[in-house]
Amino acid sequence: MTAQNTTGVQNVHPSPPEFVRQQLNSVLSDIKIEAIKTGMLFDADNTLAVAAGLKAHFGGVNSPKMPPLVCDPVCVSTSGHTLLQADAVKVMISDLFPITTLVTPNRQEAELILSQSGKQMEINSLEDMISGAMKLRGLGPAAVLLKGGHITLSMEEVRRVCDSSADIDVVRDGLLEENMEILQVAETDPSARHVVVDVLHQDGATTVFVRPRVDSTSTHGTGCTLSAAIACALAKGHNIKEATRLGTTYTHTGIEMAFPVGTGFGPLNHMHSIILRSIPLPTPSIPHPFTRLLIQATSGIWKSYVEHDFVKQLGRGTLPRECFIHFIKQDYHYLKYYGRAYALLGAKSPSFSAIGASAQTMLNVVTEVKTHASFCAQWGVSHKELDTTLESPATTAYGAFIIDTGLQGDRSKLVMALAACLLGYGEVGLWLRKEASKPNSWVKWEGNPYVKWMEDYSGEHYQNAVRAGLEAIEAEAVADPPSRARFNEWVKIWGRCTSLEKGFWDMAMGLL
Ligand SMILES: Cc1ncc(COP(=O)(O)O)c(N)n1
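Nothing here was measured: the structure is a model prediction, and the numbers come from that model. (Residues numbered from 1 in each chain as written. Predicted model: local features only at pLDDT ≥ 70, side-chain atom pairs only at ≥ 80, totals over all residues. Heavy atoms only, no water.)

Participant: Where do I start with the packing of helix H17 (residues 411-436) against helix H19 (residues 460-479) in this structure?
Facilitator: For any two helices packed against each other, one specifies the crossing angle of their axes together with the interaxial distance. Running from N to C, H17 and H19 point in directions that differ by 145°, and their axes come no closer than 9 Å. For the pair H17 and H19, the crossing hand works out as left-handed. Note on element contacts: H19 touches H17 through Tyr462, Gln463, Ala465, Val466, Gly469, Leu470, Ala472, Ile473 and Glu476, opposite Arg411, Ser412, Val415, Met416, Ala419, Cys421, Leu422, Leu423, Tyr425, Gly426 and Leu430. A per-class count over the contact of H17 with H19 returns 14 nonpolar, four polar and two charged. (Axes fitted to C-alpha atoms, helices over the stretch in contact; angles between N-to-C directions. Helix = DSSP H or I, 4+ residues; strand = E, 2+ residues; numbered from the N terminus. Left-handed = near helix turned anticlockwise from the far one by under 90°. Contact = heavy atoms within 4.5 Å. Nonpolar A, V, L, I, M, F, W, Y, C, P; charged D, E, K, R; others polar.)

Participant: Would you mind showing me how to read unusual backbone geometry here?
Facilitator: The general pattern is negative phi for most residues beyond glycine and trans for most peptide bonds. Residue Phe42 is not a glycine yet carries a positive backbone phi of 70°. In this model, Asp203 sits at a positive phi of 40°, which is unusual for a non-glycine residue. Mapped onto the elements of the fold, Asp203 is located in the loop between strand S9 (193-202) and strand S10 (205-212).

Participant: Explain the state of the cysteines here, please?
Facilitator: In a disulfide, the sulfur atoms of two cysteines are covalently bonded to one another. Enumeration over the complete set of coordinates arrives at zero disulfides. You can see Cys71 has no disulfide; the closest cysteine sulfur is in Cys75, sitting 8.7 Å from it. Given the relative accessible area of 0%, Cys71 is considered buried. (Disulfide = S-S within 2.5 Å. Buried < 20%, exposed > 50% of the residue type's maximum accessible area, 1.4 Å probe, protein only.)

Participant: Can you help me understand the site of the ligand in this one?
Facilitator: For the ligand, the full set of nearby residues is Gln4, Val9, Met40, Val74, Ser77, Thr78, Leu83, Thr219, His220, Gly221 and Cys224. Thr78 is positioned with one of its side-chain polar atoms (N or O) 2.6 Å from an oxygen atom of the ligand. In this structure, an oxygen atom belonging to the ligand sits 2.6 Å away from a main-chain N or O atom of Gly221. Surface burial for the ligand is 80%, taken as the share of its 360 Å² of free accessible area covered by protein chains. Partitioned by chemical class, the residues of the shell around the ligand number five nonpolar, six polar and no charged. (Near = heavy atom within 4 Å. Polar contact = N/O pair within 3.5 Å; in protein donor to acceptor, adjacent residues only side chain to side chain. Areas by Shrake-Rupley, 256 points an atom, 1.4 Å probe, with all protein chains shown as cover.)

Participant: What's the story with the environment of Val210 in this structure? I'm lost.
Facilitator: If you trace the backbone, Val210 turns up in strand S10. Looking at Val210, the relative accessible area reads 0%, which means it is buried. For Val210 and Val158, which are 52 residues apart along the polypeptide, the C-alpha to C-alpha distance reads 8.3 Å.

Participant: Mind showing me how you'd approach the pairing of strand S6 (residues 143-146) here?
Facilitator: Note on strand geometry: in a regular strand, side chains alternate between the two faces of the sheet. Judged by which residues are buried, S6 turns out to be covered on both faces: Ala143 and Leu145 on one side and Val144 and Leu146 on the other are all buried. Alignment of strand S5 (residues 102-103) against S6, held across two bridges, turns out to be parallel. Among the inter-strand pairings, Leu102 is bridged to a residue of S6, identified as Ala143. (Pairing = 2+ DSSP bridges.)

Participant: Hey, could you run me through helix H11 (residues 299-306) in this one?
Facilitator: Since the α-helix advances by 3.6 residues per turn, residues separated by three or four positions end up pointing in the same direction. Residues of H11 that are buried include every one of Trp302, Tyr305 and Val306, and no others. Summarising the axial view, the buried residues of H11 lie within an arc of 85°, below the 170-degree limit, and thus occupy one face. (Arc of directions from axis to C-beta.)

Participant: Any chance you could explain the confidence of the model for the protein chain here in plain terms?
Facilitator: Detailed reading of the predicted coordinates is not advisable wherever pLDDT is low. Put simply, the protein chain has an average pLDDT of 89, and 93% of its residues get 70 or more. Below a pLDDT of 50 lies the segment residues 174-187, which in the model reaches 46 contacts outside its immediate sequence neighbourhood of four places, other chains included. Low confidence marks residues 277-284, where pLDDT is under 50. Its contacts with residues over four positions away, or in another chain, come to 13 contacts. As scored by the predictor, the complex reaches a pTM of 0.63 and an ipTM of 0.90. (pLDDT = per-residue confidence, 0-100.)

Participant: What is the right way to read the side chain of His201 from this model?
Facilitator: Locating His201 in the fold gives a position in strand S9. Accessibility expressed as a relative area gives 7% for His201, which makes it buried. Of the polar contacts made by the side chain of His201, one reaches the backbone oxygen of Ala205; its length is 3.4 Å. A distance of 3.0 Å separates polar atoms of two side chains, one belonging to His201 and the other to Thr206.

Participant: Looking at this structure, I do not really get the pattern of salt bridges. What am I missing?
Facilitator: Any two side chains of opposite charge can pair if their charged atoms end up close together. Under the criterion given, the structure shown has 15 salt bridges. Between Glu476 and Arg411 there is a salt bridge; the shortest N-O distance is 2.7 Å. Separated by 65 residues along the polypeptide, Glu476 in helix H19 and Arg411 in helix H17 bring together distant segments of the chain. Note on Glu476: relative accessible area 15%, which makes it buried. A salt bridge links Lys413 to Glu489, with the nearest nitrogen and oxygen atoms 3.4 Å apart. Here the residue Lys413 occupies a position in helix H17, and Glu489 occupies one in helix H20 (residues 484-509), the gap between them amounting to 76 residues. If you follow the salt bridges from partner to partner, you end up with Lys434, Glu435 and Lys438 in one network. (Salt bridge = Lys/Arg side-chain N within 4 Å of Asp/Glu carboxyl O.)

Participant: Could you clarify how one ought to interpret the packing of helix H9 (residues 240-256) against helix H10 (residues 289-297) in this entry?
Facilitator: Look at H9 against H10: their axes get within 12 Å of each other, and the N-to-C directions meet at 160°. Judged by the inter-axis angle, H9 sits roughly antiparallel to H10. Taken as a pair, H9 and H10 cross one another with a handedness that is left-handed. On the side of H9, the interface is formed by Thr249, His252, Thr253 and Glu256, while H10 contributes Arg292, Leu293 and Gln296. Of the residues contributing to the contact of H9 with H10, the split by class is one nonpolar, four polar and two charged. (Parallel < 35°, antiparallel > 145°, perpendicular 65-115°, else oblique.)

Participant: When you look at the pairing of strand S2 (residues 8-12) in this model, what are you seeing that I'm missing?
Facilitator: Pairing geometry for strand S1 (residues 2-5) and S2, over four bridges, is antiparallel. For Asn5, the partnering residue across the bridge sits in S2 and is Gly8. Counting the residues that bridge the hairpin from S1 to S2 gives two residues.

Participant: Sorry, what's going on with the packing of aromatic side chains here?
Facilitator: Geometry of an aromatic ring pair is reported as the spacing of the ring centres plus the angle between the planes. Applying the stated criterion across every chain, the model contains 25 aromatic pairs. Consider the rings of Phe290 and Phe487, whose centres lie 5.7 Å apart with planes at 70°: the pair is edge-to-face. Linking Phe290 in helix H10 with Phe487 in helix H20, this pair joins segments that are 197 residues apart in sequence. Relative to Tyr342, the ring of Tyr338 has its centre 5.3 Å away and its plane inclined at 75°; by these criteria the two rings are edge-to-face. (Phe/Tyr/Trp six-rings, centres within 6.5 Å; stacked < 30°, edge-to-face > 60°.)

Quick look at the structure:
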């Protein structure tokens, strides 16, 4: 038991190991266990009590009945208090690691565990983290997540290390924020230190999770939160890599969505995914918090849309010509629905400025159709052919869904329905441009037949429209903070449009 607050840990009162064992048995004899997480164990006797209790219940070290176990080797609090005695570290290695699925040390904990097992090393760089994670894996756990919260890196460093080995896989989550905010900075100043990485090592494979650094005082218990979130994802049946992705995203958002408590380092917001704040969002430095919640709530389908095979083949320049032509013809029809939807948005808008903004976008769409038609002409598709091409069911489905959402719902629902298209294409454009800038990239820019398309969507003009769209979504949330039920409706519409977007590209690929 600890006496602690946001300023630090004032005292620790160890529980008798027999009592810990009893509590363990109380839970194990009653509740079906899908995953386990250990936190602060404090001394050797308690560590042994937990390890022995689990082995006795589940049938020993290699028992198939042993549920996934995440061991958070809580050694020292952020404030500097010892939370695991030196002899307990040895017991953790000898008795707990053999039944551990994933151990989640931070830099200091990793250094301590390694020095206790005669593999002393300092961890200062990404290379150190990778070799440290490998060494820790040698101590028995099935996987190691070495957390990099205390080591701020530049994108340049991350790229250099990750590109140097084919065994390293890089996961960047929260694609939208990542692409729009961080990589733009990285491109202008690749040496700026603004990312943190967590290194996962298992079965000879290394995965590096890259995220922007968040400057916040709401970080008390970050490691506890992360290990618990990963254990939850493992309990749901996700594999270690996916559980880590989900857990790190959850934790990252928890820091961003927290509001300050106390005079020191306060807790994260653990409720960010179920309770939307109904007071103004706290940290203006966090870009587009509400949009990110929407994307997070639909992350699987969002990824299948923005990283669609159509996009990848287009980036490589290998997309069959007939697929692209089919797509641009259907896009022409879709734009008609899109323009009409903005007219509807204007009709539903309460102020002159909002009516004006909708009208302006509607006019932009009309102008863009002309550009679209001349673009199609370059591909040998005449205006006449565009007008006589029949709409595909996927086009009608998507267009009609947007119009119907606008007719049925309030203004904000229509805003959500229109955004998936705008933001998704913006993200695709930036992603391809970013990938193309890497050495030996899979994206071909020069000489790619689709370069004009990629330039348009990654270009200044379109990205400005994306920024305006992002602001519009954020404004909806701030002007009238949604209830849980209303937010769910928005997520439903956003998710539906995202899958209809995916369907649009499926349709074009379906020609193959
Ligand atoms: C019971 C307990 N477990 C873990 C920590 C470490 O968290 P932090 O490093 O944020 O102080 C803590 N302070 N208390």
